[in-house]
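The chain contents come next:
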Amino acid sequence: MAPPKYRYVIVGAGLAGGSAVAGIRELDPDGAILLLGDEPHRPYERPPLSKQLWTGKKQVADLFLQPEDWYPGHHVDLKLGAEVVGLDPAAQTVTLGDGSQYAYEKLLLATGGRPRRLEIPGGDAEGVLYYRYLDDYLRIRPAAHAGKRVAVVGGGFIGSELAAALNLNQVEVTMIFPGSYLVGRVFPESLGRALQAHYEQRGVRVLTGDAPAAITPQGEAWQVATREGQTLGADFIIAGVGIYPLTDLAQQAGLEVADGIVVNDLLQTSHPNIYAAGDNALFNYMALGERKRVEHWDNAVIQGQWAGRNMAGAGQAYDYMPYFYSDLFEFGYEAVGEIDPRLDVFADWQQENETGVLYFRREGKLRGAMMCNVWDQVPAARELIRSGKTFTVQELRGAIN
């Protein structure tokens, strides 16, 4: 018996996959869609998991892209807890872990990424949480209150956001990471060190230049031994040490894969009926003139929608410039383009390390901009970067305000 056939099959019911459904429906109101997700939850937004849920600005019910009854009302079969284990581009079928098969005309791989794990003794202990999913928040939230101790491993986006959120909830927080200052892959040193000092003033203990070496049980809690000889007690441990793109299906199917699934400007993979979008897609970032894989909310939303429209026949090249943002205590920022402290960085501060714009240049050309406690200026920053012009420091001073 031939497998059930859909006009569109989407593998991955995260933000990119859920957004692709909306993109398809902009151009094709009726074509049957199968949306396959391995989580037990329908598509939801991840940023509030480390931000607004902890401050009370959002509730869990606010996270979901669509109400539960929206999917059947829009000809979408949503299958949750569905692990896709096989992809056959020649037969145009996907196979699930239970052996069931589905055929497609167009397929989207929106498989995202998985958290990198600590390759140390105790790295898989029950007390270690690799924070990324709604279930992670639901597990940790009831235990995150005054008197509890948490070790946050990682000083990047997730680590810095969760350390701030937990501290605001009166949890005793110790951060540990190998870098020399907070969010070192993004912030210039002066800003990173100033922000780290603010964390320490708020009561967050910060251990730089170090990493866990082993995790062992200690009664109902846990003990973390570090490479530099420190010993930490913790009621739970949160690891935010990055993600890796899920490319297994693409590799098995013979698609082109590098640091992600390689796509063309239309977000098609090396097989024209198969598309990719989100954290797993290696795409041509047109404004920067190079291939990139972007692991941020805005890219997942817009690239997912774009892929959906192209699957439905739009034929539009993906030329969008995604932005990202973060909230760290009173410090917040929005950034777009290439944000790398190894570039030539010009800080146009109104108030040093608090309010102003950081410009990231290479050979005088603007590659990225970070607006620190300056809002609604992402479109202006995009235009400056897209111009491809060479800018002097004097020309950049006050260009974004």
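Residues numbered from 1 in each chain as written. Predicted model: local features only at pLDDT ≥ 70, side-chain atom pairs only at ≥ 80, totals over all residues. Heavy atoms only, no water.

### A few points about the pattern of salt bridges
Line of reasoning, step 1. Taken as a whole and judged by the stated rule, the model has 21 salt bridges.
Line of reasoning, step 2. Arg-293 is the partner of Glu-295 in a salt bridge, and the nearest nitrogen-oxygen pair spans 2.7 Å.
Line of reasoning, step 3. Residue classification places Arg-293 among the buried residues on the basis of a relative accessible area of 17%.
Line of reasoning, step 4. Among the salt bridges present, the one from Asp-340 reaches Arg-342, with a minimum N-O distance of 2.7 Å.
Line of reasoning, step 5. For Asp-340, a relative accessible area of 13% translates into the label buried.
Line of reasoning, step 6. When salt bridges that share partners are traced, they join Glu-290, Lys-292, Glu-338, Arg-362 and Arg-367 into one network. (Salt bridge = Lys/Arg side-chain N within 4 Å of Asp/Glu carboxyl O. Buried < 20%, exposed > 50% of the residue type's maximum accessible area, 1.4 Å probe, protein only.)

### Things to note about the sheet that holds strand 23 (residues 331-337)
Line of reasoning, step 1. Strand order in the open sheet formed by five strands is 22-23-26-25-24, with antiparallel pairing between adjacent strands. Two strands in the sheet have a free side with no partner beyond their single neighbour: strand 22 (323-328) and strand 24 (344-351). Shown here is a sheet whose adjacent strand axes are inclined to one another by a mean of 15 degrees, direction ignored.
Line of reasoning, step 2. In the sheet, strand 22 pairs with strand 23 via six bridges, with the strands oriented antiparallel. Within strand 23, the residue paired with Tyr-323 across the bridge is Val-336.
Line of reasoning, step 3. Helix 9 (residues 378-386) contacts strand 22, strand 23 and strand 26 (365-372) of the sheet and is inclined by roughly 165 degrees relative to strand 26. (Pairing = 2+ DSSP bridges. Helix = DSSP H or I, 4+ residues; strand = E, 2+ residues; numbered from the N terminus. Axes fitted to C-alpha atoms, helices over the stretch in contact; angles between N-to-C directions. Contact = heavy atoms within 4.5 Å.)

### Focus: helix 5 (residues 157-168)
Line of reasoning, step 1. An ideal rise of 1.5 Å per residue puts 16 Å on twelve residues; helix 5 measures up with 17 Å between its terminal C-alpha atoms.
Line of reasoning, step 2. Taken together, the buried positions of helix 5 are occupied by Gly-159, Ser-160, Glu-161, Leu-162, Ala-163, Ala-164, Ala-165, Leu-166 and Asn-167.
Line of reasoning, step 3. Against the buried residues of helix 5 lie helix 2 (52-55), strand 9 (149-153), strand 10 (172-176), helix 6 (189-201), strand 15 (236-239) and strand 22.
Line of reasoning, step 4. Downstream of helix 5 by one or two residues, Gln-170 has phi in the positive range, about 65 degrees. (Expected span 1.5 Å × (residues − 1).)

### Some points on the pairing of strand 24
Line of reasoning, step 1. Where strand 24 and strand 25 (residues 355-362) come together, seven bridges link them in antiparallel fashion. Its bridge partner being in strand 25, Trp-349 is matched across the sheet by Gly-356.
Line of reasoning, step 2. The turn linking strand 24 back onto strand 25 is made up of three residues, and Asn-353 within it adopts a positive phi angle of 60 degrees.

### Comments concerning the packing of aromatic side chains
Line of reasoning, step 1. Following the criterion strictly, the structure yields 18 aromatic pairs and no others.
Line of reasoning, step 2. Centre to centre, the rings of Phe-157 and Phe-324 are 5.6 Å apart; their planes meet at 85 degrees, and the pair counts as edge-to-face. Placement of Phe-157 in helix 5 and of Phe-324 in strand 22 is noted, with a sequence separation of 167 residues between them.
Line of reasoning, step 3. Phe-324 sits in the buried class, given a relative accessible area of 8%.
Line of reasoning, step 4. Ring centres 6.4 Å apart and planes at 50 degrees place the aromatic pair Tyr-318 and Tyr-320 in the tilted group.
Line of reasoning, step 5. With a relative accessible area of 2%, Tyr-318 lands in the buried category.
Line of reasoning, step 6. Taken together, the ring pairs in this structure connect Phe-157, Phe-187, Phe-324, Phe-331 and Tyr-333 into an aromatic cluster.
Line of reasoning, step 7. In this structure, Arg-42 packs its charged tip against the face of Phe-64, placed 4.2 Å from the ring centre.
Line of reasoning, step 8. Over the face of the ring belonging to Trp-306 we find Arg-309, whose NZ or CZ atom lies 5.4 Å from the ring centre. (Phe/Tyr/Trp six-rings, centres within 6.5 Å; stacked < 30°, edge-to-face > 60°. Lys NZ or Arg CZ within 6 Å of the ring centre and 35° of its normal.)

### A word on the sheet that holds strand 13 (residues 221-226)
Line of reasoning, step 1. Strand order in the open sheet made by the three strands is 12-13-14, with antiparallel pairing throughout. Across the chains shown, the open sheet's two edge strands, defined by having one partner strand only, are strand 12 (212-218) and strand 14 (231-234). For this sheet, the mean inter-axis angle between neighbouring strands, taken without regard to orientation, is 25 degrees.
Line of reasoning, step 2. As defined by bridge partners, strand 12 adjoins strand 13 across six bridges and the pair is classed as antiparallel. Residue Pro-217 lies in a different strand from strand 13, and its bridge partner there is Trp-222.

### Quick word on the nonpolar core
Line of reasoning, step 1. One finds Val-9, Leu-87, Val-94, Leu-107, Leu-108 and Leu-109 to be the most contacted residues of the largest nonpolar core, which totals 70 residues.
Line of reasoning, step 2. Of the residues forming this core, the biggest block, six residues, is contributed by helix 8 (residues 297-311).
Line of reasoning, step 3. Contact partners of Leu-108, with chain neighbours within four places excluded, come to Val-9, Ile-10, Val-11, Ala-20, Tyr-275, Ala-276, Ala-277, Ala-307 and Met-311.
Line of reasoning, step 4. Core analysis: the next-biggest nonpolar cluster, separate from the first, contains 47 residues, Tyr-131, Ala-144, Val-150 and Val-186 among them. (Core = buried A, V, L, I, M, F, W, Y, C linked by side-chain atoms within 4.5 Å.)

### Details of the packing of helix 1 (residues 15-27) against helix 8
Line of reasoning, step 1. Contact geometry for helix 1 and helix 8: axes closest at 6 Å, N-to-C directions at 35 degrees. Pair helix 1 / helix 8 crosses with right-handed handedness. Contacts between helix 1 and helix 8 pair Leu-15, Ala-16, Ser-19, Ala-20, Gly-23, Ile-24, Glu-26 and Leu-27 from the former with Trp-297, Ala-300, Val-301, Gly-304, Gln-305, Gly-308 and Arg-309 from the latter.
Line of reasoning, step 2. For the contact of helix 1 with helix 8, the residue count by class is eight nonpolar, five polar and two charged. (Left-handed = near helix turned anticlockwise from the far one by under 90°. Nonpolar A, V, L, I, M, F, W, Y, C, P; charged D, E, K, R; others polar.)

### With respect to the layout of surface pockets
Line of reasoning, step 1. A volume near 220 Å³ is recorded for the second largest pocket.
Line of reasoning, step 2. At the level of elements, helix 2, helix 5 and strand 22 are the ones that each hand at least two residues to the lining of the second largest pocket.
Line of reasoning, step 3. Ranked by the residues each element gives to the lining of the second largest pocket, the list is headed by helix 5, at four residues.
Line of reasoning, step 4. The class makeup of the residues in the lining of the second largest pocket is six nonpolar, three polar and four charged. (1 Å grid on protein atoms, 1.4 Å probe; cavity = no way out; pocket = protein on both sides within 12 Å on 5 of 7 lines; lining within 4 Å. Points joined across faces, edges and corners; volume = space filled by probe spheres on them.)

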